[in-house]
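Summary of the model geometry
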Amino acid sequence: MQVENKTFFITGGASGLGAACARLLAKSGARVVLADLNQETGSALARELAEAALFVPTNVVDEQSVQQALQAARDHFGTLHGVINCAGIGSAEKVIGKNGPSSLESFTRVININLIGTFNVIRLAGEIISQNTPEESGERGVIINTASVAAFDGQIGQAAYSASKGGIVGMTLPIAREFARYGIRVMTIAPGIFDTPLLAGLPEPARISLGQQVPFPPRLGRPDEYAALAKHIIENEMLNGEVIRLDGAIRMQPR
Ligand SMILES: C[C@H](O)CC(=O)SCCNC(=O)CCNC(=O)[C@H](O)C(C)(C)COP(=O)(O)OP(=O)(O)OC[C@H]1O[C@@H](n2cnc3c(N)ncnc32)[C@H](O)[C@@H]1OP(=O)(O)O
Ligand SMILES: NC(=O)c1ccc[n+]([C@@H]2O[C@H](COP(=O)([O-])OP(=O)(O)OC[C@H]3O[C@@H](n4cnc5c(N)ncnc54)[C@H](O)[C@@H]3O)[C@@H](O)[C@H]2O)c1
């Protein structure tokens with residue numbers, strides 16, 4: 001579908017990759033809902049994007065929070081044509097640390113936010129989108145999820161994070177197969193190393209070694225490059241049920 005005059009619900013839309021999607025889609029004539037925990041950055045970006053954007057404080061792991069955010073989106077913009085699931089956290093923890101086995105709580109937290117949060121939004125937004133009047137082609141909407149190259153080449157310390165992203169990879173096809181009957185496409189982008197606040201939060205040794213591992217271009221990805229792919233996925237109906245690595249050919253080393 002064309003993005004102009006369409007509405008997209010962007011989780012994690014207040015920062016990094018999600019914010020880049022919000023800026024590009026708004027500039028392209030779309031309306032964006034910034035569904036994010038961060039009131040300060042979310043409100044600031046909504047002010048920057050003016051009438052094209054609505055910030056709604058949202059916690060993707062909380063069913064009521066997501067339902068309220070989706071309702072606010074419909075109240076404000078009238079409908080919903082797509083979702084870009086960017087909400088997520090990084091994590092770096094060895095399975096056996098210096099003080100013994102890592103905690104179950106930390107593993108569970110990463111799975112909850114990254115995997116279960118993504119699923120929560122897909123199920124609630126998907127039901128709303130399934131009720132849209134279809135385009136001429138029969139399409140009703142597009143859902144784009146964010147995994148990571150860590151789903152495939154996870155490093156030491158990424159058991160929880162890689163599991164959470166591997167789960168997103170795993171659910172892309174079955175949901176695309178189910179949602180085909182509604183004319184809703186489901187895609188996942190697996191970014192490599194992108195220059196965002198999340199990456200800035202990784203341990204310095206990891207960040208240094210990663211930047212040196214990207215074959216070409218030998219640099220961190222720019223959030224606008226992620227946004228360009230997301231926009232293309234929305235516009236290209238033949239992209240469905242697939243995971244696209246966006247990574248400069250990096251295959252991460254064990255550490
Ligand atoms: C985020 C997007 O989705 C894309 C990505 O996935 S980007 C990939 C991000 N990678 C990571 O997050 C790696 C996570 N893991 C780690 O940071 C570390 O393994 C850890 C903090 C969990 C444990 O680190 P630590 O306890 O220091 O491990 P340890 O085995 O003792 O380290 C040995 C040495 O290797 C270094 N090292 C550890 N992890 C490293 C890494 N990932 N890269 C480079 N060097 C590393 C340590 O600094 C240490 O050096 P030193 O002996 O000179 O102090
Ligand atoms: N930056 C990278 O190198 C990279 C690489 C691969 C995948 N990713 C993934 O891309 C996505 C976006 O990452 P980013 O780099 O833009 O990070 P970021 O930290 O800049 O943005 C993440 C946003 O998600 C929000 N968020 C976190 N938990 C939330 C929750 N429970 N509910 C709602 N919002 C929540 C944060 O407030 C933040 O605004 C994440 O899923 C991340 O795992 C990032």
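Look a little higher up for the structure.
Predicted, not measured: the structure shown is a model, and the values here were computed from it. As a convention, each chain's residues are numbered from 1 in the sequence order in which they are written. Here the convention is simple: chains get letters from A, ligands get numbers from 1, in the order in which they are written. With the structure being a predicted model, the display of local features is reserved for residues of pLDDT at least 70 and the display and counting of side-chain atom pairs for 80 or more, all residues being used for whole-chain, interface and lining totals. Based on all heavy atoms of the structure, the side-chain values leave hydrogens and waters out of the count.

**Observations regarding the overall build of the chain**
Short version of the rule: A run of DSSP states H or I qualifies as a helix once it reaches four residues; a run of E qualifies as a strand once it reaches two. Both are numbered from the N-terminal end. C-alpha atoms define the radius of gyration in this analysis, and the globule rule sets the expected value at 2.2 Å times the number of residues to the power 0.38. Think of it in three bands: residues with accessible area under 20% of the maximum for their type are buried, residues over 50% are exposed, and the middle band is partly exposed, with areas taken using a 1.4 Å probe on protein chains only. A contact between two residues is defined here by any heavy atoms of the two lying within 4.5 Å.
Helices and strands together make up the secondary structure of the chain, namely nine helices and nine strands. Computed over its C-alpha atoms, the radius of gyration of the chain comes to 18 Å, within 12% of the 18 Å expected for a compact globule of 255 residues. Projected onto its principal axes, the C-alpha coordinates of the chain cover approximately 55 × 40 × 35 Å. The buried share of the chain, taken over its 255 residues, is 51%. Summarising the internal contacts of the chain: among those between residues at least 6 apart in sequence, 73% fall at separations of at least 24.

**Concerning the site of ligand 2**
The condition that has to hold: A single heavy atom is enough: if one lies within 4 Å of a molecule or strand, its residue is considered near that molecule or strand. Distance and chemistry together define a polar contact, namely a pair of N or O atoms within 3.5 Å, with one atom able to donate a hydrogen and the other to accept it when in protein, and with adjacent residues in sequence counting only for side-chain atoms on both sides. The Shrake-Rupley method, run with a 1.4 Å probe, gives the accessible areas here. Residue values count only the displayed protein chains as cover. Here the term charged refers only to Asp, Glu, Lys and Arg, the term nonpolar to Ala, Val, Leu, Ile, Met, Phe, Trp, Tyr, Cys and Pro, and the term polar to all other amino acids, Gly among them.
Close to ligand 2 lie 26 residues; S15, L17, D36, Y161 and T196 are nearest. Contact distances for ligand 2 include 3.5 Å between an oxygen atom and a backbone N or O atom of G16. Separating an oxygen atom of ligand 2 from a backbone N or O atom of C86 is a distance of 3.1 Å. Its free accessible area being 820 Å², ligand 2 has 93% of it covered by the protein chains. Listing elements by their share of the shell around ligand 2, those giving two or more residues are α1 (16-27), α6 (159-179) and α7 (197-200). Among the elements that take part in the shell around ligand 2, α7 stands out by supplying three residues, more than any other. Its residues assigned to classes, the shell around ligand 2 comprises 14 nonpolar, 10 polar and two charged.

These results come straight from atomic positions and should not be treated as a statement about function.
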